[in-house]
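# Report on the structure
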Amino acid sequence: MGVVDASVCYAQGAFQLANSIGSSKIISKVKDLHRKLLQSPWRKDQYVTDLSDILTGEK
């Protein structure tokens, strides 16, 4: 697993935990990471798409 892949994996877990306990600070940080990834060369990769789906509640 690459560095970006691992970062997204940790971000997904952090978002799900933060969402369950209502931690808006962590949720905000994950959304900020997501915005940056969408502007990066990795924006079309599957793990970024998966993070998008989690943030929009599709998965």
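Report follows, based on the coordinates. Computed from a predicted structure; not experimentally measured. (Residues numbered from 1 in each chain as written. Predicted model: local features only at pLDDT ≥ 70, side-chain atom pairs only at ≥ 80, totals over all residues. Heavy atoms only, no water.)

### Quick notes on the overall build of the protein
What counts is decided by this rule: Each helix is a run of H or I in the DSSP string that is no shorter than four residues. Each strand is a run of E no shorter than two, and both are numbered from the N terminus. Two things to know: the radius of gyration comes from C-alpha atoms, and the globule rule equals 2.2 Å times the number of residues to the power 0.38. We call a residue buried when its accessible area falls under 20% of the maximum for its residue type, exposed when it is over 50%, and partly exposed in between, using a 1.4 Å probe and counting protein chains only. Whether two residues are in contact is decided by their heavy atoms: any pair within 4.5 Å suffices. To be clear on the numbers: accessible area is Shrake-Rupley with a 1.4 Å probe, and residue cover counts the displayed protein chains and nothing else. Residues counted as positive are Lys and Arg, residues counted as negative are Asp and Glu, and His and the chain ends are not counted. Note on charges: their place is set at NZ of Lys, CZ of Arg, CG of Asp or CD of Glu.
Each helix and strand counted, the protein has three helices and zero strands in total. A globule of 59 residues ought to have a C-alpha radius of gyration of about 10 Å, and the protein, at 11 Å, matches this closely. Oriented by its inertia axes, the alpha-carbon framework of the protein measures out at about 30 × 20 × 20 Å. In the protein, buried positions account for 34% of the 59 residues. Taking all contacts inside the protein whose residues are at least 6 apart in sequence as the whole, residues at least 24 apart take part in 42%. Element-wise, carbon and sulfur atoms account for 55% of the exposed surface of the protein, whose accessible area totals about 4100 Å². Looking at the protein, you have 8 positive and 6 negative side-chain charges, and the mean spots of the two groups are 9 Å apart.

### Details of the packing of helix α1 (residues 3-21) against helix α2 (residues 24-38)
Selection criterion: Each axis is a line fitted through C-alpha atoms, and for a helix only the stretch in contact is used; angles between axes span 0 to 180 degrees, taken between their N-to-C directions. Each crossing gets its hand from how the near helix is turned against the far one by less than a right angle, where anticlockwise is left-handed and clockwise is right-handed. Ten residues, namely Ala, Val, Leu, Ile, Met, Phe, Trp, Tyr, Cys and Pro, are considered nonpolar, four, namely Asp, Glu, Lys and Arg, are considered charged, and the remaining ones, Gly among them, are considered polar.
At their nearest, the axes of α1 and α2 sit 9 Å apart, and the two run at 145 degrees to each other. Note on packing geometry: the crossing formed by α1 with α2 is left-handed. Of the residues in α2, those touching α1 at Val 4, Ser 7, Val 8, Ala 11, Ala 14, Phe 15, Ala 18 and Asn 19 are Ile 26, Ile 27, Val 30, Leu 33 and Leu 37. Here the residues of the contact of α1 with α2 sort into eleven nonpolar, two polar and no charged.

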